[in-house]
Amino acid sequence: MTPGRWDRVKEIVADALERDRETRADFLKEACGADAELRAEVETLLRADDPGSGFLELDQAPEQIGPYRVVREVGRGGMGTVYLGERADGQFEHRVAIKVIKRGMDTDAVLRRFYGERQILARLQHPNITRLFDGGMFDGRPYFVMEYLEGEPIAAYCRRRSLGIEERVRLFLAVSDAVEYAHRNLVLHRDLKAGNILVTADGVPKLLDFGIAKVLDTDSAGETTAAWRPLTPQAASPEQYRGEPLTTASDVYALGLLLFELLADRPPYDLGGLTPVEMGRVICERPAPPLKSADSDLDNIVARALEKDAALRYQTAAELGEDLRRWLGGMPVQARPASALYRARKFAVRHRKALAVAAVVLVAISAAVGDAVVQGRRAKRRFEDLRQLAGTFLFEFYDAIENLPGATPARELVMRRGIEYLDSLSREASNDIGLKRELAEGYLRIGMAQGLYYESNLGKRGAARESFSKAVALLEDVAGRQPSDAAVRAELGKALLAMATTHQGQDYLQSRAYETRVIGLLEGAAKRGPLTVEEQKVLGSAYNGLAETCLAQQQDADAVTARLRSVEILEGVLKAAPDDETQRLLAQSEKRLAYIYLVRLHDAAKAVGPLRSAMAIDEGLVARHPESATAKLDLARDRSYFATMLERRGDREGARRILESAIGMRREALGLDPRNAMLRASLVADYSKLAGLLQGSEAQNAARTGIEFARDLDLTSDADARANVEKLRKVAER
Amino acid sequence: MADVGALLTRWQGGDKGALDEMLPVVYDELRKLARACLHSERPDFSLQPTDLVHEAYLRLLDQREVDWRNRAHFLGIAAKTIRRVLLNHAEARNAQKRGGDLGKVSLDIALECLERNATVDVFSLNRALERLSALDARQGEIVELRVFGGLTVEETAEVLGFSPATVKREWSVARLFLKRELA
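Residues numbered from 1 in each chain as written. Chains lettered and ligands numbered in written order. Predicted model: local features only at pLDDT ≥ 70, side-chain atom pairs only at ≥ 80, totals over all residues. Heavy atoms only, no water.

Scanning chain B for helices and strands turns up 9 helices and 0 strands. Order of helices (α) and strands (β) in chain B, N terminus to C terminus: α-α-α-α-α-α-α-α-α. Split into buried and exposed, the 183 residues of chain B put 54% on the buried side. Taking the intrachain contacts of chain B between residues at least 6 apart in sequence as the baseline, contacts between residues at least 24 apart amount to 66%. (Helix = DSSP H or I, 4+ residues; strand = E, 2+ residues; numbered from the N terminus. Buried < 20%, exposed > 50% of the residue type's maximum accessible area, 1.4 Å probe, protein only. Contact = heavy atoms within 4.5 Å.)

Residue and element names in this part refer to chain A. For the pair helix H1 (residues 3–18) and helix H3 (residues 36–47), interaxial distance at closest approach is 10 Å and the crossing angle is 50°. Classified by the angle between their axes, H1 and H3 sit oblique to one another. At the point where H1 passes H3, the crossing takes the right-handed sense. Contacts from Arg5, Trp6, Arg8, Val9, Ile12, Val13, Ala16 and Leu17 in H1 reach Glu37, Leu38, Glu41, Val42, Leu45 and Leu46 in H3. Partitioning the contact of H1 with H3 into residue classes produces 10 nonpolar, no polar and 4 charged. (Axes fitted to C-alpha atoms, helices over the stretch in contact; angles between N-to-C directions. Parallel < 35°, antiparallel > 145°, perpendicular 65-115°, else oblique. Left-handed = near helix turned anticlockwise from the far one by under 90°. Nonpolar A, V, L, I, M, F, W, Y, C, P; charged D, E, K, R; others polar.)

The subject of this paragraph is the nonpolar core. Among the nonpolar cores identified, the biggest contains 100 residues, and Met645 and Tyr687 of chain A are the most heavily contacted of them. Excluding residues within four positions of it along the chain, Tyr687 of chain A makes contact with Ile663, Arg667, Ala702, Thr705, Gly706, Phe709 and Leu728 of chain A. (Core = buried A, V, L, I, M, F, W, Y, C linked by side-chain atoms within 4.5 Å.)

All names here are of chain A. When the pLDDT values of chain A are averaged, the result is 79; 76% of them are 70 or greater. Averaged over each element, pLDDT in chain A is lowest for helix H13 (residues 342–350) (42) and highest for helix H20 (residues 508–528) (94). Low pLDDT, under 50, characterises residues 338–357; the predicted model gives this stretch 30 contacts beyond four residues in sequence or across chains. Considering only residues more than four positions removed or in separate chains, one finds that residues 365–383, a stretch of pLDDT under 50, has 36 contacts. (pLDDT = per-residue confidence, 0-100.)

All names here are of chain A. When you tally the buried positions in strand E6 (residues 141–147), you get 6 out of 7 residues, the bulk of the element. Note: strand E4 (residues 95–101) against E6, 5 bridges, orientation antiparallel. From the neighbouring strand, Val96 faces E6, where its bridge partner is Glu147. In this sheet, E6 lies alongside strand E5 (residues 132–138) in antiparallel orientation, the contact comprising 6 bridges. Note that in E6 the partner of Leu132 across the bridge is Met146. (Pairing = 2+ DSSP bridges.)

Attention shifts here to the environment of Tyr269 of chain A. All names here are of chain A. With respect to the secondary-structure elements, Tyr269 resides in the loop between helix H9 (248–264) and helix H10 (276–284). In this structure, the C-alpha to C-alpha distance between Tyr269 and Met279, residues 10 residues apart in sequence, is 9.7 Å. Here Tyr269 is in contact with Tyr253, Leu257, Val282, Arg286, Pro287, Ala288, Pro289 and Lys308, once residues within four sequence places are set aside. At 2.8 Å, the side chain of Tyr269 forms a polar contact with the side chain of Lys308. (Polar contact = N/O pair within 3.5 Å; in protein donor to acceptor, adjacent residues only side chain to side chain.)

Residue and element names in this part refer to chain A. Side chains Ile197 and Val199 of strand E8 (residues 197–200) all project onto a buried face; the interleaved residues Leu198 and Thr200 project onto the opposite face, where all are buried too. Two elements, strand E7 (residues 151–153) and E8, share 3 bridges in a ladder whose sense is antiparallel. Residue Gly151 lies in a different strand from E8, and its bridge partner there is Thr200. Where E8 meets strand E9 (residues 205–207), 3 bridges bridge the pair, whose relative direction is antiparallel. Across the sheet, Leu198 pairs through a bridge with Lys206, a residue of E9.

This paragraph deals with the side chain of Glu170 of chain B. Tracing the backbone through its elements, the reader meets Glu170 of chain B in helix H9 (residues 164–182). Judged by relative accessible area, Glu170 of chain B falls into the buried class, the value being 7%. In terms of polar contacts, Glu170 of chain B uses its side chain to reach the side chain of Gln139 of chain B, at 2.9 Å. When sequence neighbours within four positions are dropped, the list of residues in contact with Glu170 of chain B reads Lys10 of chain A together with Asp136, Arg138, Gln139 and Ile142 of chain B.

A few words now on the environment of Lys727 of chain A. All names here are of chain A. Mapped onto the elements of the fold, Lys727 is located in helix H29 (residues 719–732). The exposure class of Lys727 is partly exposed, given its relative accessible area of 39%. In the structure, Lys727 is positioned 35 residues away from Gly692 in sequence and 9.2 Å away in space, judged by C-alpha atoms. Those residues within four positions of Lys727 in sequence are excluded, and the remaining contacts are Ser688 and Lys689.

This part is about the sheet that holds E7 of chain A. Residue and element names in this part refer to chain A. The sheet built from 3 strands is open, its strands ordered E7-E8-E9 with antiparallel pairing. In the strand order of this sheet, the two ends are held by E7 and E9, each with one partner. Going from strand to strand, the sheet's axes swing by 40° on average, the running direction of each strand aside. Sitting on the sheet, helix H6 (residues 165–184) touches E8 and E9, and the angle it makes with E9 is about 30°.

Right, let's get into the pattern of salt bridges. Here the structure, examined in full by the defined rule, presents 47 salt bridges over all chains. Notably, a salt bridge pairs Glu568 of chain A with Arg565 of chain A, separated by 3.4 Å at the nearest N-O pair. Highlighted residues: Glu568 of chain A and Arg565 of chain A, both in helix H22 (residues 556–576), separated by 3 residues, approximately one helical turn. By relative accessible area, Glu568 of chain A is classed as partly exposed at 49%. Taken together, the salt bridges that share partners define one network made up of Asp7 and Lys10 of chain A together with Asp136, Arg138 and Glu170 of chain B. (Salt bridge = Lys/Arg side-chain N within 4 Å of Asp/Glu carboxyl O.)

Another point: the confidence of the model for chain B. Do not read the fine detail of predicted coordinates wherever pLDDT is low. Residues and elements named next belong to chain B. Across chain B, pLDDT averages 69, with 57% of residues at or above 70. Mean pLDDT values for the elements of chain B range from 49 in helix H5 (residues 109–117) up to 89 in H9. Counting contacts from residues 38–47, a segment whose pLDDT is below 50, to residues more than four positions away or on other chains yields 27 contacts. For this predicted complex, the interface confidence comes out at an ipTM of 0.73, alongside a pTM of 0.42.

If you want it as structure tokens, here you go:
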């Protein structure tokens, strides 16, 4: 075939394709005439035509998507293709935009999140938000059905009509009101940008794609790299760029970018042609340029919305809107140049992450409380959603701040709100057993947070006790209704033991009463039938607690009895559920048993067995988790006890060797966590013991090392450490 | 990094050198993207070359500054680039299969994965496309833009300077040619 020949072939084929199949044969006969070769060539090509085969059918709009007939394609973007559709059943005149997500997005996760969000999104009914009607799967891809709009992008609208500053601010307020409305419904937009806002012919701005970013955000499933985060860098807040948790303040930042662009007719940052790293630097670090409108108040408002540090921004769209309304009304605005916020900034820089999380939690919880209190159960579904949402946030927050230093005010606020939330739901709970159990768990976790953070503060310990007692009351009620439910019994046992801990160190009679009650509850149940693993664990913990309480009450014989029982129970649990946690508990029980024999009863021989068991378990845990500092420290403690036991039995050489290995492990752990005062105190005790096992200059060296470790310790509050240091000084100066 | 938007403008203004500067940037971006999506290890990962081209476009050009004509031109360049990327890769793999230069050619696993997701076999498509181009350069270009770049009829028309109706007509026949050759 030659190019010239092909030209003829393709013209005939193209013409033939435009005819329907019936008239084709006649057309071909006429077009090819007597040229049989030409005719054959054309026919083989036409035979390859099979519409619907999918082969390189690149942009043929599908005829129907779900219940919608596709009218035509209206747009194509980074996420996929948008079609104009109509209800196929013709029931009502209903034009919709159908966005089909392109391949390559993580379909399963997107769908999962979509179904999770769909109800919430569908409930967003606001004149400035395009409605989301529906969604589903089409050709293996998710699609969304939305209100169909004809309009002009907001920035172009402002420019074309040459709107004045105040008109632009009013237009913007409609947008920020819509965002605020969504925030009250616990939806962040996450991808607010000028291109996502259309102004209709009537001059009404409409936000597109509300909440869709979250559905498409592979990040929330923790499975993406930055390259695929479907966000527009031009519209990203610093925290969004860094992949940190987003808050209402992140949407405020995006609103700030929009406001700047509307007022200045250009975006504050030009990211064109920057590498991702350069982009990140600009987004996260470079302060927004001053707006330089004629009005410094307006400049301040924009600057505050564009603060890099989320904590310094308006926290909600509502705050931003209020300030703009003050400005429109000629009143003084809240926004001030940043210097006034100096102190807040210092705090916020230190606790950026905690605050970001806290803000999300606060919004979620406040909304939940408000909703539950105001509406009661009027909207049952809504209530269920909020309960789940706020509950999850609360627990995630608890885990997130568990190891964070500082940020106490944020914690206090969250806890207070958390309790308000739980209290208000409790009033609604009357017969809902599932809800009661959930609430009890909520109170337990809050109580633990209170107890954990305010260990030394007796007043707050009372607060923890109050939370625990609410959990106890709820679970007692549930247990009364379901007396044979083992899971409820275990939960009640845990709550009672939590009560016991709040009395430890203060009122041993009270602790003992709670511990005894749990033992009675579960031993009673054991008589009626075998306990579940969970129940056995709780029972083991109860004997644990009782043994310690007895020790504190100087009732050593009772302590030994309780200890032996806890070992026995944990050994039983271990047979049924050989998990690491149980192993660790058992090793601890054995260790404490050995301690009683060694230190209280001065019976070193009896300590040998339990110590060997504890060491065997802990050695196994260290071997399985070589990276775990906790496992190593557990083993170090075993060895330290073991050294004491050997010394008491006269084997000073063996004691020295094993003590040195314990010291080695503890020093290693201290290297990773140099500020751990408890670890330092243990090392001081170890060296004090070691110095006693050595002689001459070796003893002096050990003593000097021990004194080094004591240097940063607060000796006034730790009598044991004081005594150890005293002893070390004497040896060192010998 | 080079400002792709500015290069594009220079290229459209007739500066041939701008294209040479642009290609390595686009090439790198495509490979980076392919790798990034591979690392995400999504079990239902089904990224296709055309998706990749669009991603590269979204990342390399400031959306605000680019009108749709620029977009079409960029996609056209990216289409050529991805074709080259995929083809180099397919050739390297075939060479390795034959045992030549074993170990010398390190196969790019990201591209391997991308190629598997292509709707048609890259190697045979390329051969068919070469045959078509020899007969009809215009159709060859249309196919390249549409198949490797995911360009719409309108975008292809803009890049090549034809009317959309012409592109549509040429495409309808070119598609049949390829279908027959690949059958």
